[in-house]
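A closer look at the structure
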Amino acid sequence: QVQLVESGGGLVQAGGSLRLSCAASGRTFSSYAMGWFRQAPGKEREFVAAIRRSGGNTYYTDSVKGRFTISRDNAKNTVYLQMNSLKPEDTATYYCAAPTLGASITSATLKSGRIYDTWGQGTQVTVSS
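It is worth spelling out the overall build of the protein chain at this point. Assigned secondary structure in the protein chain consists of 1 helix and 11 strands. For the protein chain, the sequential pattern of α-helices and β-strands runs β-β-β-β-β-β-β-β-β-α-β-β. In terms of C-alpha radius of gyration, the protein chain reaches 14 Å, essentially the compact-globule figure of 14 Å for 129 residues. Dimensions of the protein chain, computed from the C-alpha atoms along their principal axes, are close to 40 × 25 × 25 Å. Here the protein chain holds 129 residues, and the buried ones make up 45% of them. Considering only contacts within the protein chain whose residues lie at least 6 apart along the sequence, 59% involve residues at least 24 apart. Accessible surface computed for the protein chain: about 6400 Å², of which carbon and sulfur atoms make up 45%. Averaged over its 14 positive side-chain charges, the protein chain has a centre that lies 6 Å from the centre of its 8 negative ones.

This part takes up unusual backbone geometry. Notably, Asn 77 is not glycine yet its phi reads approximately 55 degrees, a positive angle. Assignment of secondary structure puts Asn 77 in the loop between β7 (68-73) and β8 (78-83). By relative accessible area, which is 25% here, Asn 77 ends up partly exposed. With phi around 50 degrees, Ser 85 is a residue other than glycine that occupies positive phi space. If you trace the backbone, Ser 85 turns up in the loop between β8 and β9 (92-99). Note on Ser 85: relative accessible area 40%, which makes it partly exposed.

A few words now on the pattern of salt bridges. Between side chains of opposite charge, a pair can form when the charged atoms approach closely. Under the definition given, this model contains 4 salt bridges. A salt bridge links Asp 62 to Lys 65, with the nearest nitrogen and oxygen atoms 3.0 Å apart. Relative accessible area serves as the criterion here: at 48%, Lys 65 is assigned to the partly exposed category. When salt bridges that share partners are traced, they join Arg 38, Glu 46, Arg 67 and Asp 90 into one network.

So, how was this worked out
Residues numbered from 1 in each chain as written. Predicted model: local features only at pLDDT ≥ 70, side-chain atom pairs only at ≥ 80, totals over all residues. Heavy atoms only, no water. Helix = DSSP H or I, 4+ residues; strand = E, 2+ residues; numbered from the N terminus. Rg over C-alpha atoms; globule rule 2.2 N^0.38 Å. Buried < 20%, exposed > 50% of the residue type's maximum accessible area, 1.4 Å probe, protein only. Contact = heavy atoms within 4.5 Å. Areas by Shrake-Rupley, 256 points an atom, 1.4 Å probe, with all protein chains shown as cover. Lys, Arg positive; Asp, Glu negative; His and termini not counted. Charge placed at Lys NZ, Arg CZ, Asp CG, Glu CD. Salt bridge = Lys/Arg side-chain N within 4 Å of Asp/Glu carboxyl O.

What follows is the structure, given as structure tokens:
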């Protein structure tokens with residue numbers, strides 16, 4: 001059973017930056033793609049970014065392209081989300097997630113949320129205007 005622990009959230013002014021971290025344990029981390037999702041109050045959870053196991057392919061939702069960067073350090077069993085030029089609409093709880101063992105990994109499935117079976121507890125990001 002994998003465990004995921006996010007950190008790095010906080011309060012930041014619009015235009016500022018934060019780097020989220022997600023530390024994984026209990027699995028062979030380098031064998032898995034990883035995703036970041038977020039959920040704002042009263043809204044559905046939405047895909048933010050994903051990265052394949054090698055780190056060679058990354059995917060983003062349109063609203064964060066050019067501002068957010070997902071990366072991973074397999075030696076540290078950690079995936080990161082660097083968030084720059086933050087906007088008030090980025091305010092949400094951010095979750096990292098790991099897919100089900102053997103799930104079909106494609107751009108579409110990584111963005112859908114359906115293939116993930118393990119989620120962290122979330123870290124709050126608040127962007128003030």
